[in-house]
Structures are given as C-alpha cells and as structure tokens.
Amino acid sequence: MMRIGPYKFLFLCTGNSARSILGEYLLKRLGGGRFEVFSAGSFPTGKVNPLAIQVLKDIYDIDASDARSKSWEEFKDLQFDFVVTVCDNARESCPVWPGQPIVAHWGLPDPAAVEGTEAEKYRAFKEVAAEIYRRIQSFIAPAITDASSQDLSDILDLLTQVQLPHDGVAENLNGFLVARDESSRLIATIGLERHGSTGLLRSAAVAPGYQGCGIGSRLTRHLLERAKNDGVERVVLLTTTASEFFAQHFGFCETARTVFDTELAESAEWNLPRCSTAVCMTLTLR
Ligand SMILES: CC(C)(COP(=O)(O)OP(=O)(O)OC[C@H]1O[C@@H](n2cnc3c(N)ncnc32)[C@H](O)[C@@H]1OP(=O)(O)O)[C@@H](O)C(=O)NCCC(=O)NCCS
C-alpha cells in the first residue's frame, strides 16, 4: 500500500514552459494540500510562457508569477509517488526515477506551437488548461462506495475528527456512503436514515485536508440521487455548521423542525440534546 500523503507529484514535458507549468499550478490548487507538486522539462526553455501565467490568473485566479522553467536534473534524487508526462517528447526520453513512482502519460497538444493571432494563441492555452484541469479532477476524485461493516470504525473516527455524533450510525450503516483516497484511507462519508418517505441526511463529513475539493458535493449529489430513486420524497437534515453549503449547492430550505418530530421520533440523532439548537433544513425530491 502507498504511504499516506502528501504525495510527491511531478509534471514533465520538454520545455517546462507551458503544459507542465499549468499542471503544477492546477494540481497545487485542486489537490488541497494532498500533493507536493513539481514540474520540470527534459530540455527546459528557461522561460515560462507568459500565456500560461495569464490563463492561470484569468480563468483560475491562480498567481503563478513565481513559476520557473527548469531541468528534471534538479529533481533526479527526489522520490516521486507520481510522474506524469504531458508531451510525447518527455515520455520518450523519460529517465528512470528512483522509488518506483506511478508513471502516466497525458498526451496533450502544445499550445505554444499554435500559430495565429494573440487571441488564437490565448485560446489554445485556455483549452489545454481546461483539459489538464479535467484530468486532474478525475485523477483525484475518490471512488464512492456503499459502506460496509468493515468501514464502521473508520467512519466513527472521521466523525470524531469533525466533531459529529456517532449515535445511530451503526444501526443505519446500510444508508451510508464512503469515499477512500489513493491509499484506501477513508476520507469522507455521508448517511441517510430512512423514516417512511422521509430521509434524514446525516454525518456529512470530509476529512480536514480534503475539504473544499468537491468531495462533499459529490457524495451529497450521489446520496440524493439514490434517495430519489428509492422513493424518498423529502430529505431533512440538522446542521450547525453547513447550512449555506446545503442551501447554495442543493437548494435545501430552512424549516421548523417540529414539523418532523413525529416522523423522526425514532432517530437517535434527531433526539440528541446537542442537535436541539441546530438549523433544520429540507429538500423535496418529488
Ligand atoms: C461540509 C462538508 C461536508 C462539505 O464538503 P467539502 O468537500 O468540503 O465541500 P465541497 O468541496 O464539495 O464544496 C465546496 C463548496 O462548498 C462550500 N462549503 C464547504 N463547506 C461549507 C460550510 N461549512 N459552509 C458553507 N459553505 C461551505 C465551499 O466554500 C465551496 O463553495 P464553492 O463551490 O462555491 O466554492 C465538509 O466541509 C465537512 O466535512 N465539514 C466538517 C463537518 C461538517 O460540518 N459537516 C456538516 C454536518 S451537517
């Protein structure tokens, strides 16, 4: 099994002036601290293409003014976990890296080779950046699966970490989803308790270090789609910390909790004294 991050990740291309620079800065942003990111070239131009810096600033609000075009010689003694080549040239002359990193090749067109107006060149950089962004997103997206009894202790540990209650989790485990990272570490969970046609969404938790990377949104979307397919008519939740997250991203609305007191009377979470002052929110699914 691979070690727990931050993983060392290297983007390689020939000149280290455009594609590998875009990869480096986009993964630094999207990886949320899970990766230590580097970029290098087999024949570095020594100068970062200004359009790469411009696109990072304009489209992704990333300041890459400190980017450097440098040789892979600089990193030859580092033990990388991942090495990704982003042009055919670098793949052909890719040296053997110590420590057996996972090596992948993302063949991407060279935006610096595009001839035309400034606007056309800018568009080429924008397009290749969008492609790199998509690939990074799918690379770092963890697999979502149904929770099993083997996940229970990891789920409870994660809930402790983010200070959410354990009550009723074991009894409702069949309504839980989990996400694990590249090293199989459990990094997120969410659960739905079924009470007739009402579902109580609970235990939405993403491990610190992974928050803000879209994992909580993916899990929630997955859970809501499944609830709808299973005939759940409305989803209710209690929150003291994330009402804006559920309102803005999924359309949950604040509701008086007494409306559900009878329906959710059997729920251990609903009856916890610490939840009595939480905001109650609902979403109608049909
Ligand atoms: C709340 C939580 C599940 C969200 O998951 P996440 O993976 O961090 O969120 P995502 O990356 O999918 O979504 C990010 C978006 O939600 C917003 N967001 C995340 N947590 C938020 C919160 N607590 N309140 C308001 N907005 C929040 C981000 O600003 C971002 O907005 P944007 O897309 O407009 O930039 C996660 O942050 C978490 O586990 N927090 C600690 C435990 C907790 O409070 N759980 C909720 C219990 S009801």
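Coordinates for the structure precede this section.
Notes on the structure in this doc start here. The model shown is predicted, which means the values in this text are computed figures rather than measured ones. (Residues numbered from 1 in each chain as written. Predicted model: local features only at pLDDT ≥ 70, side-chain atom pairs only at ≥ 80, totals over all residues.)

1. Digging into the environment of T160
Reasoning step 1: Checked against the element boundaries, T160 lands in helix α5 (residues 152–161).
Reasoning step 2: Each C-alpha atom, one on T160 and one on V114, is 53 Å from the other, the two residues being 46 residues apart in sequence. (Helix = DSSP H or I, 4+ residues; strand = E, 2+ residues; numbered from the N terminus.)

2. Focus on the sheet that holds strand β3 (residues 82–85)
Hydrogen bonds between backbone groups are what pair the strands of a sheet, and the pairing can be parallel or antiparallel.
Reasoning step 1: A sheet is described by the order of its strands in space; here four strands give the open sequence β2-β1-β3-β4, paired in parallel fashion. The sheet is open, and its two edges are formed by β2 (35–41) and β4 (102–105), each paired on a single side. On average, each strand axis in the sheet is tilted by 20 degrees relative to the strand beside it, whichever way the strands run.
Reasoning step 2: Each of β1 (7–13), β2 and β3 is contacted by helix α1 (residues 19–30), which is oriented at about 175 degrees to β2, the strand it contacts most. (Pairing = 2+ DSSP bridges. Axes fitted to C-alpha atoms, helices over the stretch in contact; angles between N-to-C directions. Contact = placed C-beta atoms within 7 Å.)

3. Notes on the site of the ligand
Reasoning step 1: As a structural note, the neighbourhood of the ligand is formed by 18 residues, with Q211, G216, S217, T239 and T241 the closest of them.
Reasoning step 2: Among the elements of the structure, β8 (198–206), α6 (215–229) and α7 (243–250) are those that each provide at least two residues to the shell around the ligand.
Reasoning step 3: Of the residues that constitute the shell around the ligand, the class distribution is nine nonpolar, eight polar and one charged. (Near = placed C-beta within 6 Å. Nonpolar A, V, L, I, M, F, W, Y, C, P; charged D, E, K, R; others polar.)

4. Comments concerning the packing of α1 against helix α2 (residues 50–60)
Reasoning step 1: Interaxial distance between α1 and α2 falls to 10 Å at its minimum, and their mutual angle equals 30 degrees. Here α2 runs roughly parallel to α1, going by the angle between their axes. As α1 packs across α2, the resulting crossing turns out to be right-handed. Judged by residue contacts, I21, L22, Y25, L26 and R29 of α1 engage A52, L56 and Y60 from α2. (Parallel < 35°, antiparallel > 145°, perpendicular 65-115°, else oblique. Left-handed = near helix turned anticlockwise from the far one by under 90°.)

5. Some thoughts on the pairing of β3
Reasoning step 1: Inspection of the sheet shows β1 paired to β3 by four bridges, in the parallel sense. Bridge assignment links F9 to a residue of β3, and that residue is F82.

6. Brief notes about the environment of G23
Reasoning step 1: With respect to the secondary-structure elements, G23 resides in helix α1.
Reasoning step 2: Each C-alpha atom of the pair G23 and A147 lies 33 Å from the other, and the pair is 124 residues apart in sequence.
Reasoning step 3: In this view, G23 contacts F11, S39, V84, V86 and I132; residues no more than four positions away in its chain are not counted.

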